[in-house]
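# Structural overview
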Amino acid sequence: MTLVIGVDSSTQSTKALLVDADSGAVLESQHAPHPTGTSVDPRGWLDAFDKASAGLVERAEAIAVGGQQHGMVALDDADSPVHDAILWNDTRSSQEALDLIEEMGGPAACAEAVGSVLVASFTSTKLRWLRDHEPDAAARTTRVLLPHDYVSRHIVGGGDPFTDRGDASGTGYFSTRDDAWRPDLAEAAIGHPVELPRIVASSEVAAVTASGLKVAAGTGDNMAAALALDLKPGDVVVSIGTSGVASAITNEPVSDPTGSVTGFADATSRFLPLVATINAARILELQSTLLGVDHDELARLALAAPSGANGLTVLPYYDGERTPSRPDATGTWAGLTTATTREDLARAAVEALLCSLADAIDHLSATTGTSPKRILMVGGAASNPAIRTLAPAIFGRPVTVPAPGEYVALGAARQAAWALAGTPEPPAWAPVASETYEAEPTPLVREAYALLRDRETI
Ligand SMILES: Nc1ncnc2c1ncn2[C@@H]1O[C@H](COP(=O)(O)OP(=O)(O)O)[C@@H](O)[C@H]1O
Ligand SMILES: O=C(CO)[C@@H](O)[C@H](O)COP(=O)(O)O
């Protein structure tokens, strides 16, 4: 049996899967936590990789890493980080995003140049922040990597760094349309030329370790999930991890001058327009903590309350928000009374998360011009019974939930198997088992949410 490893170096942890390259069957799975916060020492991810892959690496022929998108890993000429990695969900560079957009000629010109209108998530805005707030660190920066590139290079043990078009398209210095770096934009962001990783196709081996392990290009986590789920045009994936995401595959690049939809490339030769929110699974985590319950009890409470939570509505932009672009936002609760119950509080939190994701699906449909034929739901919080039960009601459509699994890591494993085979198309693996949930739509919940969303302006 030929074995490959797929890795997900995500916001909260590293997950590693040992997978049969021919069938896609997952044989073993391990994980290790990441340092917490939105600005972290990236070497913590290397330690997590070492722990999560221990005992698996020796048995595999190839490996690939899917990683949280956008994070800035700025290195000096000795390959040491000049600063903590600033992550996709750190909003400190929101003003820098506006400055860069203006320098590029406005939102439409920016979307045309790099596929997306910049927000604080994009790597280039973090480089500009470094230039203006940590000039010594910026001056020492010779090379800029993305989180997954940094882990891949650790696996190889040095050498020329590499990445792929999918993750590169989230930097703000890559042209999705032309499929090429825009080194001029990286230079404009940080103030001097920097070395960028070589771009490698998913079907190629990027490097080979001293022990003979083949390392594929790797990609962004959302691109890896698309590869695992074998997405086709018309499918929409909703992912509920630290970030909330709605994404779809298109054959042509997408450019949205309003900035709601980012025009990413995927890990094949197609495109992955995507809407991302900063607040997702943590909305439920916060609610569980405040109520003093675990995930299952939160679900039980939420399902025991009526639709609309007796008039209680939450705008869940707790940590600032990216879509809509409200970097300074905090959460807002409306409709609390002395009759409000614990059940209502749980229900309102679940409905808020789903309404935010329903907005994301609507943005995606409006920009791609197609309504979803199928909605797939993955990510840590997709296993929550209240999320599964209420998602079809809030989205107004059936929702298909693949069997619980690490789909980013599985997509990375499929890329590793693809690079090993060197074929024009990825290996054909059996479709993942899934269950479809249906419910009567509850449009009044979305109407109440939209009123609150549009009433608040920060
Ligand atoms: N049953 C559940 N109900 C709600 N949230 C859950 C459940 N299981 C896991 N989560 C949440 O999912 C998140 C982790 O999901 P994951 O997709 O691995 O995130 P990331 O990729 O951002 O690291 C955590 O915030 C965790 O609390
Ligand atoms: O910023 C984005 C997408 O543009 C996020 O989706 C990150 O890629 C982090 O993903 P998770 O760790 O939450 O899965």
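How each quantity is defined
- Residues numbered from 1 in each chain as written.
- Chains lettered and ligands numbered in written order.
- Predicted model: local features only at pLDDT ≥ 70, side-chain atom pairs only at ≥ 80, totals over all residues.
- UniProt positions renumbered as here; feature names shortened; annotations may be inferred.
- Helix = DSSP H or I, 4+ residues; strand = E, 2+ residues; numbered from the N terminus.
- Buried ≥ 20, exposed ≤ 12 C-beta atoms within 10 Å, placed from the backbone.
- Contact = placed C-beta atoms within 7 Å.
- Axes fitted to C-alpha atoms, helices over the stretch in contact; angles between N-to-C directions.
- Parallel < 35°, antiparallel > 145°, perpendicular 65-115°, else oblique.
- Left-handed = near helix turned anticlockwise from the far one by under 90°.
- Nonpolar A, V, L, I, M, F, W, Y, C, P; charged D, E, K, R; others polar.
- Pairing = 2+ DSSP bridges.
- Near = placed C-beta within 6 Å.

If you check an unreviewed UniProt entry, the protein appears there as Xylulose kinase from Aeromicrobium panaciterrae. The Catalytic activity (unreviewed entry) comment attached to the protein in UniProt states, word for word, "D-xylulose + ATP = D-xylulose 5-phosphate + ADP + H(+)".

## Considerations on unusual backbone geometry
The residue after threonine 323, namely proline 324, is reached through a cis peptide bond having omega 0 degrees. Along the chain, proline 324 falls in the loop between strand 20 (313–315) and strand 21 (332–334). The phi torsion at aspartate 79 lies on the positive side, around 70 degrees, for a residue other than glycine. Mapped onto the elements of the fold, aspartate 79 is located in the loop between strand 6 (73–75) and strand 7 (85–86). At alanine 309, a residue that is not glycine, the phi angle is positive and equals roughly 50 degrees. Tracing the backbone shows alanine 309 in the loop between helix 11 (295–304) and strand 20. When the 25 C-beta atoms within 10 Å are taken as the criterion, alanine 309 is described as buried.

## Some words on the UniProt feature "active site" (unreviewed entry) in the protein
Following the UniProt record, one finds the feature "active site" (unreviewed entry) at Asp221. Among the secondary structure elements, aspartate 221 is positioned in helix 9 (residues 221–228). The contacts of aspartate 221, once residues within four sequence positions are left out, are Asp8, Ser10, Gly66, Gly67, Gln68, Gln69 and Val408.

## Some words on the packing of helix 12 (residues 342–368) against helix 13 (residues 385–395)
It is the contact of helix 12 with helix 13, at a shortest axis distance of 10 Å, that shows an interaxial angle of 45 degrees. By the criterion of interaxial angle, the relationship of helix 12 to helix 13 is oblique. Two packed elements cross with a definite hand, and for helix 12 against helix 13 that hand is right-handed. Contacts between helix 12 and helix 13 involve Val350, Glu351, Leu354, Cys355, Ala358 and Ile361 on the former and, on the latter, Ala386, Ile387, Leu390, Ala391, Ile394 and Phe395. When its residues are assigned to classes, the contact of helix 12 with helix 13 shows 11 nonpolar, no polar and 1 charged.

## Remarks on the pairing of strand 16 (residues 235–240)
Along any regular strand, the residues point their side chains to alternate faces of the sheet. In terms of residue burial, strand 16 counts as a mostly covered element, since 5 of its 6 residues are buried. Judged from the 5 bridges that link them, strand 16 and strand 17 (residues 244–248) form a sheet pairing that is antiparallel. Looking across to strand 17, one finds that valine 237 is bridged to serine 247. Taking the residues that link successive antiparallel strands as the turn, the strand 16-strand 17 hairpin has 3 residues.

## Looking at the site of ligand 1
Every one of the 16 residues lining ligand 1 counts as a neighbour, but Ser10, Gly241, Thr242, Gly380 and Asn384 are closest to it. With 4 residues, helix 10 (residues 281–291) is the single largest residue contributor to the shell around ligand 1. Of the residues contributing to the shell around ligand 1, the split by class is 3 nonpolar, 11 polar and 2 charged.

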